[in-house]
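Here are the chains, one letter per residue:
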Amino acid sequence: MALAIIFAVLAAAGNALGTVLQRRAVLNVPDARAQGLLLVRDLLRNPAWLTGILGVVFAALFQALALRSGSLATVQPIFVLELPLALLIGSAVFRIRMSRRAWAGVACIFVGLAVGLFAAAPSGGRSQVPGMWWIPALAVVGTVATALVLTGLRRPHGPTRAACLAAAAAVGNALTAALVKSAMDVMSHEGATGFFLAWQTYAFAVAGSSSILLLGYAMQGGPLIASQPALTLGDAAVGFCLGGTLYAEAPRLGLWLVPALLGAALVFYGVFALSRTRCLARCTAAGTDGEAGSPRREGRATAAM
């Protein structure tokens, strides 16, 4: 399990690094070229962009390795570290001074996650989900995600729209992780041939791609303070639930619930506190006018891609 935690932390760091470097690359594109094929060509020539893509690729590999050797209920919550890691990396890349409130949020997330996972310590479970169990799971997850998407799209630009779409992306991320774990188990028993013949492989590719698309709409649909907590906390919560229902991973109960809930509360507080800081917005949302870049340019770049 220790190896799975290490891989999960590396995956979260890879995603955070990729996010920061790709956004920095977008900011270096002149306004006159920040659209269409010119943007794509410039980004492909930008070392920061290519390094960011490499970080995302390694993050996916580390996540697969973590899920192969660890439980879903343990691995997926660790991805809340992507938020404080993106802030720490972004503050160094963009030379942004972190406020005391930002440091407090980072500390709460790290401490809360450590306490929560140590207390909950999900154990047991199975390496593969019985085939028929996927049918109700996919039906429930699909229904919830669809309802969130429809609700978000019907709302005007603002917090509700952003939160609903980000929550839908979080559900998709958690489902993707559950499918990746299943596909990795198939590969461990049947090799690469079994992996590419397994339906889970193509299902997680579809779910993951849909989540990326939804996240883009969420970021454009409203403020970061609405989308980031829904994405970060939703991914961890749904992943923990899928680990318990699909893979029969059970947390410790009894008095262990007290520190587990305390740890979860610290994580919740830290995520919401960081989402309200200007530091995070400037590190992960292209900064503000007159600084690293402008939200307007970011929007054009996102739409072009």
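Model, not experiment: these values are computed from the prediction. (Residues numbered from 1 in each chain as written. Predicted model: local features only at pLDDT ≥ 70, side-chain atom pairs only at ≥ 80, totals over all residues. Heavy atoms only, no water.)

1. Some words on unusual backbone geometry
In this structure, alanine 121 is a non-glycine residue whose phi angle is positive, near 40 degrees. In this structure, alanine 121 sits in the loop between α6 (100–120) and β1 (123–124). Judged by its relative accessible area of 27%, alanine 121 falls in the partly exposed class. You will see that alanine 248, though not glycine, has its phi angle at about 55 degrees, which is positive. Mapped onto the elements, alanine 248 comes out in the loop between α10 (224–245) and β2 (249–250). (Helix = DSSP H or I, 4+ residues; strand = E, 2+ residues; numbered from the N terminus. Buried < 20%, exposed > 50% of the residue type's maximum accessible area, 1.4 Å probe, protein only.)

2. Observations concerning the packing of aromatic side chains
Counting across every chain of the model gives 6 aromatic pairs. Measuring from ring centre to ring centre gives 5.8 Å for phenylalanine 118 and tryptophan 256, while their planes differ by 75 degrees; the resulting arrangement is edge-to-face. With phenylalanine 118 in helix α6 and tryptophan 256 in the loop between β2 and α11 (257–275), this pair connects stretches of sequence that are 138 residues apart. Residue classification places phenylalanine 118 among the exposed residues on the basis of a relative accessible area of 57%. Overall, tryptophan 256 belongs to the partly exposed group, its relative accessible area being 35%. For the pair phenylalanine 195 and phenylalanine 196, a centre-to-centre distance of 5.2 Å together with 85 degrees between the ring planes defines the contact as edge-to-face. By the ring-pair criterion, three or more aromatic residues cluster together here, those being Phe7, Phe58 and Phe62. Taking the ring centre of tryptophan 256 as reference, the NZ or CZ of arginine 252 above it sits at 3.7 Å. (Phe/Tyr/Trp six-rings, centres within 6.5 Å; stacked < 30°, edge-to-face > 60°. Lys NZ or Arg CZ within 6 Å of the ring centre and 35° of its normal.)

3. A short note on the environment of tyrosine 247
Along the chain, tyrosine 247 turns up in the loop between α10 and β2. You can call tyrosine 247 buried: its relative accessible area is 0%. Residues tyrosine 247 and proline 130 lie 117 residues apart in sequence; the distance between their C-alpha atoms is 9.1 Å. Residues contacting tyrosine 247, with those up to four places away along its chain left out, are Leu72, Gly125, Arg126, Ser127, Gln128, Val129, Trp134, Ala178, Lys181, Ser182 and Leu242. (Contact = heavy atoms within 4.5 Å.)

4. Quick notes on a nonpolar patch on the surface
There is a patch of nonpolar side chains on the surface, built from Ile53, Leu54, Val57, Phe58 and Leu61 and spanning about 430 Å² of accessible area. Take phenylalanine 58: it is sitting in helix α3 (residues 47–69). Assessed through its relative accessible area of 41%, phenylalanine 58 is described here as partly exposed. (Patch = residues over 30% accessible without salt bridge, like charges linked within 9 Å, V, L, I, M, F, W, Y side chains within 5 Å. Areas by Shrake-Rupley, 256 points an atom, 1.4 Å probe, with all protein chains shown as cover. Salt bridge = Lys/Arg side-chain N within 4 Å of Asp/Glu carboxyl O.)

5. Side note on the nonpolar core
Within the largest apolar cluster, 54 residues are counted, with the highest numbers of intra-cluster contacts made by Leu87, Trp134 and Leu246. The greatest single-element share of this core, amounting to 8 residues, is contributed by helix α8 (residues 159–197). If near-sequence neighbours (up to four positions away) are discounted, tryptophan 134 is found in contact with Val129, Leu175, Ala178, Leu179, Ser182, Trp199, Gln200, Leu246 and Tyr247. If you look at the next biggest cluster of nonpolar residues, it comprises 11 residues, including Val149, Ala168, Ala170 and Leu231. (Core = buried A, V, L, I, M, F, W, Y, C linked by side-chain atoms within 4.5 Å.)

Shape is all these values report; function is a separate question.
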